[in-house]
Amino acid sequence: MVLLMRKFVIGGNWKMNRGTAQETKEMLVPFLKAVHTLKNVDIIVAPPFTALQTACDLIKGSMVKIGAQNMYPEVKGAFTGEISPVFLTALGVNWVILGHSERRHIVASETDILIFKKVKAALAAGLTPIVCVGEKLEEREKGNTEEVNRTQFEGSISGLSATEVTKIVIAYEPVWAIGTGKTATPVQAQEVHGFLRNLLTKKYGADIAQQVRIQYGGSVNDKNAKELFSQPDVDGGLVGGASLDPEAFAKICLIAAEIRK
Ligand code: PEP
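Everything numeric in this text was worked out from a predicted model, so none of it was measured. (Residues numbered from 1 in each chain as written. Predicted model: local features only at pLDDT ≥ 70, side-chain atom pairs only at ≥ 80, totals over all residues. Heavy atoms only, no water.)

Draft legend 1. Spotlight on the pairing of strand 7 (residues 213-217). With five of five residues buried, strand 7 lies mostly within the body of the structure. Alternating positions in strand 7 separate into two faces, Arg213, Gln215 and Gly217 on one and Ile214 and Tyr216 on the other, with burial throughout. Bridge analysis of strand 6 (residues 169-172) against strand 7 gives four bridges, and the strand direction is parallel. Across the sheet, Ile170 pairs through a bridge with Ile214, a residue of strand 7. In this sheet, strand 8 (residues 236-239) lies alongside strand 7 in parallel orientation, the contact comprising two bridges. (Buried < 20%, exposed > 50% of the residue type's maximum accessible area, 1.4 Å probe, protein only. Helix = DSSP H or I, 4+ residues; strand = E, 2+ residues; numbered from the N terminus. Pairing = 2+ DSSP bridges.)

Draft legend 2. How the structure looks around the site of the ligand. Taken together, 14 residues are adjacent to the ligand, and Lys15, Glu173, Gly179, Ser219 and Gly240 come closest. His100 is positioned such that a nitrogen or oxygen atom in its side chain is 2.8 Å from an oxygen atom of the ligand. Within the side chain of Glu173, one N or O atom sits 2.7 Å away from an oxygen atom of the ligand. Notes on the ligand: free accessible area 290 Å², of which the protein chains cover 96%. Partitioning the shell around the ligand into residue classes produces four nonpolar, eight polar and two charged. (Near = heavy atom within 4 Å. Polar contact = N/O pair within 3.5 Å; in protein donor to acceptor, adjacent residues only side chain to side chain. Areas by Shrake-Rupley, 256 points an atom, 1.4 Å probe, with all protein chains shown as cover. Nonpolar A, V, L, I, M, F, W, Y, C, P; charged D, E, K, R; others polar.)

Draft legend 3. Just the packing of aromatic side chains, in detail. Enumeration over the complete set of coordinates arrives at four aromatic pairs. Judged by centre distance (5.7 Å) and plane angle (40 degrees), the rings of Phe8 and Phe229 are tilted. Here Phe229 lies in helix 11 (residues 225-229) and Phe8 lies in strand 1 (residues 8-13), a separation of 221 residues in the sequence. The exposure class of Phe8 is buried, given its relative accessible area of 0%. A relative accessible area of 1% means that Phe229 is categorised as buried. Just above the ring of Phe8 sits the side chain of Arg260; from NZ or CZ to the centre is 4.2 Å. (Phe/Tyr/Trp six-rings, centres within 6.5 Å; stacked < 30°, edge-to-face > 60°. Lys NZ or Arg CZ within 6 Å of the ring centre and 35° of its normal.)

What follows is the structure, given as structure tokens:
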């Protein structure tokens, strides 16, 4: 088995909170200044579609990459209101968040089958997908955390080949922790990250499983990031609220850079 130090990946998901060119400049200019020396962490900022062009222009020459928050799993066609993965790559977007809980449960009732199709289409277009999984509060309270995460893993990830799966990032995002200020404890996060890595090991073998990065998402901030990111199977974070504060988000990136140098 190859034991390696996985590079941390930190994503900032702006959701629908900032999206004009002006807001994008106000967020990214100070952030880029604060993180410009960091080379050992993959940093992704995911603004709404309307801000992608401005964001791609601003990050030129920096280590920061831009991600979209969603895409459609076809290249072209009669899909009114949808965005093709090749439109994203043409802008200079490199990453895409797929299967976020807000898309699974609030805005679009996305299914595992649809998310899997999106993951395949993203990879085919050369985008790196961040594939989100995570249980709701009532599912955790009923003792179904593992079952829910296994079902989402099997439906939206495990149909990938071994080569494909090393190209994705998994984000474990317990729904009850997203935007609520109720972070999973480091122990709770590690339990599910370890469980997901075991699923990867069973399906792909230990060498592949050790290469796949699994981020934690759910009320990560500059106060709790160090403890969460110090867990052995936590390879960084997907950050919502705290990514709207350039200073706090930069601090989270600096914390990650210090842990795995
Ligand atoms: C998210 O948007 O994926 C997220 C984890 O949000 P927050 O950090 O605000 O909980």
